[in-house]
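Remarks on the overall topology
If you want the building blocks of each chain, they are given just below.
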Amino acid sequence: MRLALLDYGAGNLHSLGKALEGAGAEVVITSDWSKALSLSALILPGVGAFGAAAAALPQDRAPIREALQGGFPCLGICLGMQLFFENSEESEGDGISLVPGSVELLDAPVVPQMGWNDVEIDDDPIFDGVGPLIGYYANSYICVPDKEADTIAWSEYDNRRFAAAVRRENTWGMQFHPEKSSAPGRRIIANFVAAVSYTHLRAHETD
């Protein structure tokens with residue numbers, strides 16, 4: 001079971017890679033989208049600008065979108081979560097358009113949001129055993145899904161409630177950084193790796 005950690009020139013790869021390895025995954029850092037989709041799962045890291053990351057996407061986003069719609073496991077963190085959406089106010093460029101909606105500037109007197117914030121979690125396997133969650137944030141933009149059902153966690157900043165996490169099929173997005181969110185964050189990463197392992201095993205059983 002090998003997980004692709006996408007290097008699009010703007011991500012925080014080291015700490016995220018260490019967290020994934022700590023959960024038992026073999027991590028392959030690559031900027032090759034075809035190679036990434038040939039492995040067991042895809043990780044889109046955070047940190048960076050939407051425009052630069054969108055420019056690193058293949059010109060034809062359809063193969064990525066169709067793979068994720070078909071159940072290929074993926075975890076997007078911060079900027080990585082924002083790439084699941086159609087577009088962003090931050091800059092020009094199109095996302096993957098897996099989750100209908102857009103990315104908007106966080107309307108608050110102090111931006112970016114830096115530091116710890118409570119996360120209200122829904123009943124989803126990615127949060128199994130997590131308990132009370134305080135996530136570490138470093139964001140100026142937030143995701144605004146068109147469909148409320150896509151949101152599985154929420155946070156509030158300066159009286160604005162926003163999507164802290166989203167899910168579609170086996171794709172999860174986290175606006176906060178689980179790799180920097182102490183034991184609860186590490187549990188989220190371990191839950192993702194376990195989900196990938198289960199999906200990988202089922203795929204081999206049906207071969």
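Scroll up for the structure.
Calculation rules
Residues numbered from 1 in each chain as written. Predicted model: local features only at pLDDT ≥ 70, side-chain atom pairs only at ≥ 80, totals over all residues. Heavy atoms only, no water. Salt bridge = Lys/Arg side-chain N within 4 Å of Asp/Glu carboxyl O. Helix = DSSP H or I, 4+ residues; strand = E, 2+ residues; numbered from the N terminus. Buried < 20%, exposed > 50% of the residue type's maximum accessible area, 1.4 Å probe, protein only. Arc of directions from axis to C-beta.

Time to look at the pattern of salt bridges. A complete count under the given rule lists 5 salt bridges for this structure. A salt bridge links E26 to R2, with the nearest nitrogen and oxygen atoms 3.4 Å apart. Remark: R2 occurs in strand β1 (residues 2–6) and E26 occurs in strand β2 (residues 26–30); sequence separation between them is 24 residues. Relative accessible area serves as the criterion here: at 43%, E26 is assigned to the partly exposed category. When its relative accessible area of 35% is taken as the criterion, R2 is described as partly exposed. The shortest N-O distance in the salt bridge between E120 and R161 comes to 2.9 Å. With E120 in strand β7 (residues 113–121) and R161 in strand β11 (residues 160–168), this residue pair connects regions lying 41 residues apart in the sequence. With a relative accessible area of 44%, E120 lands in the partly exposed category.

Here we take up helix α1 (residues 13–22). Of the positions making up α1, those classed as buried are L13, L16, G17, A19 and L20. One side of α1 carries all its buried residues, which in axial view fall inside an arc of 160°. Residues of α1 that are exposed and point more than 90 degrees away from the buried face comprise H14, K18 and G22.

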